[in-house]
2 protein chains.
Amino acid sequence: MKLTILGCYAATPRTITNPTSQVLEMNGHMFLIDAGEGTQVQLRRRKLKFQRINHIFISHLHGDHFYGLIGLISTFMLLNRQADLHVYGPKGIKEVILLQLRLSNSFTSYKLYFHELTSKESEIVFEDDKVIVRTIPLDHRVYTNGYLFETKHGERRLRIGAIEDLGIDRCYYQKIKRGGNVTLDDGTVIENKDITYDPEPTERYAFCSDTYYSEAIIPIIKDVNVLYHESTFLDSEEHNTQRTKHCTAKQAAKIAKLANVGTLVLGHYSTRYNDITLFKKEAETVFSGTILNADDGAIFNF
Amino acid sequence: MKLTILGCYAATPRTITNPTSQVLEMNGHMFLIDAGEGTQVQLRRRKLKFQRINHIFISHLHGDHFYGLIGLISTFMLLNRQADLHVYGPKGIKEVILLQLRLSNSFTSYKLYFHELTSKESEIVFEDDKVIVRTIPLDHRVYTNGYLFETKHGERRLRIGAIEDLGIDRCYYQKIKRGGNVTLDDGTVIENKDITYDPEPTERYAFCSDTYYSEAIIPIIKDVNVLYHESTFLDSEEHNTQRTKHCTAKQAAKIAKLANVGTLVLGHYSTRYNDITLFKKEAETVFSGTILNADDGAIFNF
């Protein structure tokens, strides 16, 4: 999976920083997660083929996470997009987008589906044969969800050498990939495990922004390969977390440790800080796994 | 007056071009005209003290003219703005802004006033002792107004030398500035015209975007110092103007000529063109006055 950070700063867009938006490429999908103002320009700047985005996941309706959505929807229209577009986000997102389209007397050239969320429990919001996406209920000032993206177990992988040595016909390959045994013409049964490797392991990416420190999410994100967890503040501003319902880098690291994640990606930095490397330094005092500082334009291949 | 072009391209924001937004500084006011996505970042990039903006004029509710408004309103809130903010624009603008504030559970730290427009006739929308602003009804695909900004006649200017030679006391100065004569102690009447100069001439700036070619606006913009008139297309795309309700550079120049304006500023270029100097070249074949190509970041002092 490949994660492109379009923006990872809190509050207002500035000339040097962008509000939250990321592109997750996973198993052939290109998912957009959050869309602060300027997201469409960031997509162009990073030279992403953004017409490939068919699913957009919005965590909550604070401006720095969705004010760029209407612009992207409009631009898709101007580009005469034909493919369906699905938007997942809190109840209200449909009304605000449709109102703006109505006021501009505009109709999308493509089908636009809204999947409005209201549940306070984790739920599956998207699933196909490759990927499954669940919500991660977060604790913020307004109704907010993170999202857990998980690849599905694929087919078993053929041991071509062994298969050819046994003279197994190609017509059995699909059956073998699905885990079936093969009976040869002489009645010999070839066990699937002898002619296949296990499927590629599943990959899981958890996006958690914005949230107050909440151990309630740990069962959902347990053992994920990569966790993006907001870290709005450094430890010196820990007293601001309760009022604003945000986290410090150390708190993000504690969640990563308790959830036993592989890699922790920090982001959603308050724009009061000039040196974002301090977030990683503070998180390292708590979590010994890999920690990465997100920054606008950063690309992570996992 | 000083005009800063924050963006002057049509349709979608890109890495190299911005949608419509301008700042007009006139007689102590800083007016914002239109606010496409990214306007607040452009304000920062041009190092404008944008908290001085108290009046925002939106021409119409197409995204490239107002999707940046909600972000600016939110940022003013985060900056704990206290001064009143007035927004002028088509009916519907209040609903879309308030809906977004409501969904994010946000309340502005300042008083936010909406002045919704519905009239198809030119009307005064703002007036104080320095400036008067009128609408310029335009012909576009949705309800659209340009805006005419006009300084008011100031006071007469004192001829200090003459006044001091006559020994006129300072207590008469306000009366003289307002046009009054002075009677000296010996009964001599000093005519106002002998001790003052005329007031500074009024300045008028007309903003006209977006619009189909329309001579109906000429009586309103007659003789303005500066006319910004949209020129979405070059002559080769004139066939697109009727469907899209836009203009060519030549048509903008024809309006400038018929209205006898001082300077014509072209803008709202379709992003299909790479060389915007062609707009000026084509306009020059029609209008012999000064023609300027607007470009993002351009500053014009008139």
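Residues numbered from 1 in each chain as written. Chains lettered and ligands numbered in written order. Predicted model: local features only at pLDDT ≥ 70, side-chain atom pairs only at ≥ 80, totals over all residues. Heavy atoms only, no water.

You'll find chain A entered in an unreviewed UniProt entry as Ribonuclease Z, with Myroides pelagicus given as the organism. One UniProt comment on chain A, placed under Catalytic activity (unreviewed entry), says "Endonucleolytic cleavage of RNA, removing extra 3' nucleotides from tRNA precursor, generating 3' termini of tRNAs. A 3'-hydroxy group is left at the tRNA terminus and a 5'-phosphoryl group is left at the trailer molecule." In its Subunit (unreviewed entry) section, the UniProt entry covering chain A states "Homodimer." (UniProt positions renumbered as here; feature names shortened; annotations may be inferred.)

Undergrad: Which residues make up the UniProt feature "active site" (unreviewed entry) in chain A, and what values go with them?
TA: Residues and elements named next belong to chain A. The feature "active site" (unreviewed entry), as annotated in UniProt, sits at Asp64 in this numbering. Assignment of secondary structure puts Asp64 in helix H2 (residues 63–66). Among all residues touching Asp64, those that are not within four sequence positions of it are Ala10, Ala11, Pro19, Thr20, Gly36 and His268. Within the structure, the side chain of Asp64 is placed 3.0 Å from the backbone nitrogen of Ala11, a separation counted as a polar contact. (Helix = DSSP H or I, 4+ residues; strand = E, 2+ residues; numbered from the N terminus. Contact = heavy atoms within 4.5 Å. Polar contact = N/O pair within 3.5 Å; in protein donor to acceptor, adjacent residues only side chain to side chain.)

Undergrad: How would you sum up the UniProt feature "binding site: Zn(2+) 1" (unreviewed entry) in chain A? Please name residues and give values.
TA: UniProt annotation of "binding site: Zn(2+) 1" (unreviewed entry) refers to His60, His62, His140 and Asp210 of chain A when read in the numbering used here. For this annotated set, covering 151 residues, all C-alpha atoms fall within 10.4 Å of each other, a compact arrangement in space. Here His62 of chain A is to be found in the loop between strand E4 (55–57) and H2. His62 of chain A gets classed as buried once you look at its relative accessible area, which sits at 8%. When sequence neighbours within four positions are dropped, the list of residues in contact with His62 of chain A reads His140, Arg141 and Val142 of chain A together with Ser104 of chain B. Tracing the backbone shows His140 of chain A in the loop between strand E8 (131–138) and strand E9 (144–151). On the accessibility criterion, His140 of chain A (8% relative accessible area) is buried. (Buried < 20%, exposed > 50% of the residue type's maximum accessible area, 1.4 Å probe, protein only.)

Undergrad: Summarise the sheet that holds strand E1 (residues 2–7) of chain B; cite the residues concerned and give the values.
TA: Residue and element names in this part refer to chain B. Taken together, seven strands build an open sheet; the order of strands is E6-E5-E4-E3-E2-E1-E18 and the sheet is mixed. Taken across any chain shown, the strands that pair with only one partner, and hence form the sheet edges, are strand E6 (112–117) and strand E18 (299–301). Looking at each pair of strands side by side, their axes are set apart by 20° on average, direction ignored. Along the sheet, helix H4 (residues 93–103) makes contact with strand E5 (85–90) and E6, crossing E6 at roughly 145°. (Pairing = 2+ DSSP bridges. Axes fitted to C-alpha atoms, helices over the stretch in contact; angles between N-to-C directions.)

Undergrad: Tell me about a negative patch on the surface, and please be specific about residues and values.
TA: A cluster of acidic residues, Glu95 and Glu116 of chain A together with Glu95 and Glu116 of chain B, forms a negative patch on the protein surface. Note that Glu116 of chain A resides in strand E6 (residues 112–117). Judged by relative accessible area, Glu116 of chain A falls into the partly exposed class, the value being 31%. (Patch = residues over 30% accessible without salt bridge, like charges linked within 9 Å, V, L, I, M, F, W, Y side chains within 5 Å. Areas by Shrake-Rupley, 256 points an atom, 1.4 Å probe, with all protein chains shown as cover. Salt bridge = Lys/Arg side-chain N within 4 Å of Asp/Glu carboxyl O. Lys, Arg positive; Asp, Glu negative; His and termini not counted. Charge placed at Lys NZ, Arg CZ, Asp CG, Glu CD.)

Undergrad: If you had to explain the relation of the copies chain B and chain A to someone new, which residues and values would you point to?
TA: Screw-axis analysis of chain B against chain A gives a translation of 0.1 Å along the axis, an RMSD of 0.1 Å, and a rotation angle of 180°. On this basis, the relationship between the two copies can be described by a two-fold rotation axis. Minimal C-alpha separation from the rotation axis in chain B is found for Gly38 of chain B, amounting to 3.0 Å. When the interface residues of chain B are mapped onto chain A, 100% of them again lie at the interface, so the same face is used by both copies. (Least-squares fit on C-alpha atoms with pLDDT ≥ 70 in both.)

Undergrad: Give me the lowdown on the pairing of strand E7 (residues 124–127) of chain A, citing residues and values where you can.
TA: The side chains of a regular strand alternate, first on one face of the sheet and then on the other. Residues and elements named next belong to chain A. Pairing geometry for E7 and E8, over three bridges, is antiparallel. Within the sheet, the bridge partner assigned to Phe126 lies in E8 and is Val133. Taking the residues between adjacent antiparallel strands as the criterion, E7 and E8 are bridged by three residues.

Undergrad: How would you summarise helix H3 (residues 69–78) of chain B if you had to cite specific residues and measurements?
TA: Residue and element names in this part refer to chain B. Counting buried positions along H3 yields nine of ten residues, so the element is predominantly enclosed. The complete set of buried residues in H3 reads Leu69, Ile70, Gly71, Leu72, Ile73, Ser74, Thr75, Phe76 and Met77. Just beyond H3, the residue with positive phi is Asn80, at close to 60°.

Undergrad: Talk me through unusual backbone geometry; I want residue IDs and the actual numbers.
TA: Omega for the peptide link from Ser209 of chain A to Asp210 of chain A comes to 0°, which places this bond in the cis form. Checked against the element boundaries, Asp210 of chain A lands in the loop between strand E14 (204–208) and helix H8 (218–221). Positioned with a positive phi, Ala11 of chain A is a non-glycine residue whose angle comes to about 65°. Within the secondary structure layout, Ala11 of chain A lies in the loop between strand E1 (2–7) and strand E2 (21–26). Not every positive phi belongs to a glycine, and Lys245 of chain B is a case in point at roughly 60°. Topologically, Lys245 of chain B is positioned in the loop between helix H8 (241–244) and helix H9 (249–258).

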